[in-house]
Amino acid sequence: MATYAVGDLQGCYQEFRDLLEKINFGPSDKLLLAGDLVNRGPHSLETLRFIRGFSDQCEIVLGNHDLHLLAIVIGGHGIKNSDTFDSLLESGEIQELADWLLRQRLMFIEEELNVAMVHAGVYPEWDLKTARELASEVELVFQGRGEISPRVLFKNLYGNEPITWHDDLRGIQRLRFIINCFTRMRMLTKNGALNFDYKGPLDESPNNLIPWFRYNSFKKTRDTKILFGHWASLEGETGDTDFIALDTGCVWGRRLTAYCLETGEFHFQEAKRPSVT
Ligand SMILES: [Mn+2]
């Protein structure tokens, strides 16, 4: 039995199936999916339907594109020009698939292997226990067991504010900060404020910004390995073996990555789509 973590699928269903075949994924193996299962790529409906079919073998954390889908279905937001999940939205299965997505997490911790997975990152001021508790606050709202309804949360999902964390943040402001960290964060200012402007490679990043995984010299998540996706222009490199970047831009014509937790090996499936810059 092996545990594989796979980066952003974004509707790249064919590459996903080919990758599973390549790693010989079997009924006793486990799959960790780092979120952004849908959008930008061609086959969001097929991807979700397929994953749901073997979800007892999967652990999923939600990404910003998955939340965008829920913001449309549950929060009443409009579709953007760049969205590519029309056939998913028009499918008779959409409500069922959305309900299933709402039961997924923002952070998954595999204690035995000392690994945690999130879509974008763990805010560097949070230790593992704090991060897990804050993720739970949002997950309870997704499940309809929080102080506000899922509809109200998804209606008010969008926005960059607040950009700094205080323990006494409440309501939508608190939930939005937690969600933005787990699903959208890349860079921070020296004062720990979120900055959403820069998405490029590390070696071209502005001097005043620090990637979240390099913010602290003493990591509050200690020796737990953090797996994440979301940042395709890292091309799988963080320069730190405690932080594993899984989004290798399959949807942009590069490749899909699977990381085996037990062996530390990486497996790749090249994209079938032509590369875009
Ligand atoms: Mn993302």
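Shown above is the structure to which this text applies.
Residues numbered from 1 in each chain as written. Predicted model: local features only at pLDDT ≥ 70, side-chain atom pairs only at ≥ 80, totals over all residues. Heavy atoms only, no water.

**Examining the overall build of the chain**
Now for step 1: Of the regular secondary structure elements, the chain holds 8 helices and 12 strands.
Now for step 2: By the compact-globule yardstick of 19 Å for 277 residues, the chain fits well, its C-alpha radius of gyration being 18 Å.
Now for step 3: Counting only C-alpha atoms and orienting by the principal axes, one finds that the chain spans roughly 45 × 40 × 40 Å.
Now for step 4: Across the 277 residues of the chain, 56% fall into the buried class.
Now for step 5: Of the contacts made within the chain by residues no fewer than 6 positions apart, 65% connect residues no fewer than 24 positions apart.
Now for step 6: Summed over all atoms, the accessible surface of the chain reaches about 12,400 Å², with 45% contributed by carbon and sulfur.
Now for step 7: When the 30 positive and 40 negative side-chain charges of the chain are each reduced to one mean point, those points stand 4 Å apart. (Helix = DSSP H or I, 4+ residues; strand = E, 2+ residues; numbered from the N terminus. Rg over C-alpha atoms; globule rule 2.2 N^0.38 Å. Buried < 20%, exposed > 50% of the residue type's maximum accessible area, 1.4 Å probe, protein only. Contact = heavy atoms within 4.5 Å. Areas by Shrake-Rupley, 256 points an atom, 1.4 Å probe, with all protein chains shown as cover. Lys, Arg positive; Asp, Glu negative; His and termini not counted. Charge placed at Lys NZ, Arg CZ, Asp CG, Glu CD.)

**A word on the sheet that holds strand β1 (residues 3-6)**
By way of backbone hydrogen bonds, the strands of a sheet pair with one another, either parallel or antiparallel.
Now for step 1: The strand order β3-β2-β1-β11-β12 describes an open sheet built from 5 strands, whose pairing is mixed. This sheet does not close on itself; its edge strands, each paired only once, are β3 (58-60) and β12 (266-270). The sheet shows a mean angle of 20° between the axes of neighbouring strands, taken without regard to direction.
Now for step 2: Pairing analysis gives 3 bridges linking β1 to strand β11 (residues 255-260), with the strands arranged antiparallel. Bridged to Val 6 within β11 is Ala 258. (Pairing = 2+ DSSP bridges. Axes fitted to C-alpha atoms, helices over the stretch in contact; angles between N-to-C directions.)

**Focus: the environment of Cys 260**
Now for step 1: In this structure, Cys 260 sits in strand β11.
Now for step 2: Linking Cys 260 and Phe 16, residues 244 residues apart in sequence, is a C-alpha distance of 15 Å.
Now for step 3: The residues contacting Cys 260, other than those within four sequence positions of it, are Ala 2, Thr 3, Tyr 4, Glu 265 and His 267.

**Let's talk about the coordination of the manganese ion**
Now for step 1: Bound to the manganese ion on the protein side are Asp 36 (OD), Asn 64 (OD1), His 119 (NE2) and His 230 (ND1), at distances that span 2.1 to 2.2 Å.
Now for step 2: In primary-sequence terms, the residues that donate to the manganese ion follow D-x27-N-x54-H-x110-H. One end of the pair, Asp 36, is in the loop between β2 (30-33) and α2 (44-53); the other, Asn 64, is in helix α3 (residues 64-73), and 28 residues separate them in sequence. (Donors = N, O, S within 2.8 Å, 3.2 Å for Na, K, Ca; no water.)

**Notes on the side chain of Asp 8**
Now for step 1: Note on placement: Asp 8 falls in the loop between β1 and α1 (13-22).
Now for step 2: Arg 186 is the oppositely charged side chain nearest to the buried, salt-bridge-free Asp 8, at an N-O distance of 7.4 Å.
Now for step 3: At 3.1 Å, the side chain of Asp 8 and the backbone nitrogen of His 230 are in polar contact. (Salt bridge = Lys/Arg side-chain N within 4 Å of Asp/Glu carboxyl O. Polar contact = N/O pair within 3.5 Å; in protein donor to acceptor, adjacent residues only side chain to side chain.)

**Quick notes on the packing of aromatic side chains**
Where two aromatic rings form a pair, the distance of their centres and the angle of their planes describe that pair.
Now for step 1: Applying the stated rule across the entire model yields 20 aromatic pairs.
Now for step 2: Between Phe 16 and Phe 50 the ring centres are 5.7 Å apart and the planes differ by 80°, which places this aromatic pair in the edge-to-face class. Here Phe 16, found in helix α1, pairs with Phe 50, found in helix α2; they are 34 residues apart in sequence, far enough to count as distant.
Now for step 3: Residue class for Phe 16 comes out buried when judged on its relative accessible area of 0%.
Now for step 4: Three or more aromatic residues joined by ring pairs form one cluster here, namely Tyr 4, Tyr 13, Phe 16, Phe 25, Phe 50 and Phe 54.
Now for step 5: The positively charged end of Arg 184 is found above the aromatic ring belonging to Phe 196, 4.0 Å away from the centroid. (Phe/Tyr/Trp six-rings, centres within 6.5 Å; stacked < 30°, edge-to-face > 60°. Lys NZ or Arg CZ within 6 Å of the ring centre and 35° of its normal.)

**Topic: the sheet that holds strand β6 (residues 187-189)**
Now for step 1: If you walk across this open sheet you meet the 3 strands as β7-β6-β8, and the pairing is antiparallel. If you trace the sheet from one side to the other, it starts and ends with β7 (194-195) and β8 (209-211), each paired once.

**Looking at the pattern of salt bridges**
Now for step 1: Under the definition given, this model contains 13 salt bridges.
Now for step 2: A salt bridge links Lys 30 to Glu 110; its shortest N-O distance comes to 3.7 Å. Taken together, the residues span a long stretch of sequence, with Lys 30 in strand β2 and Glu 110 in strand β4 (residues 107-110) at a distance of 80 residues.
Now for step 3: Overall, Lys 30 belongs to the partly exposed group, its relative accessible area being 23%.
Now for step 4: Residue Glu 110 is classed as buried on the basis of its relative accessible area, which comes to 15%.

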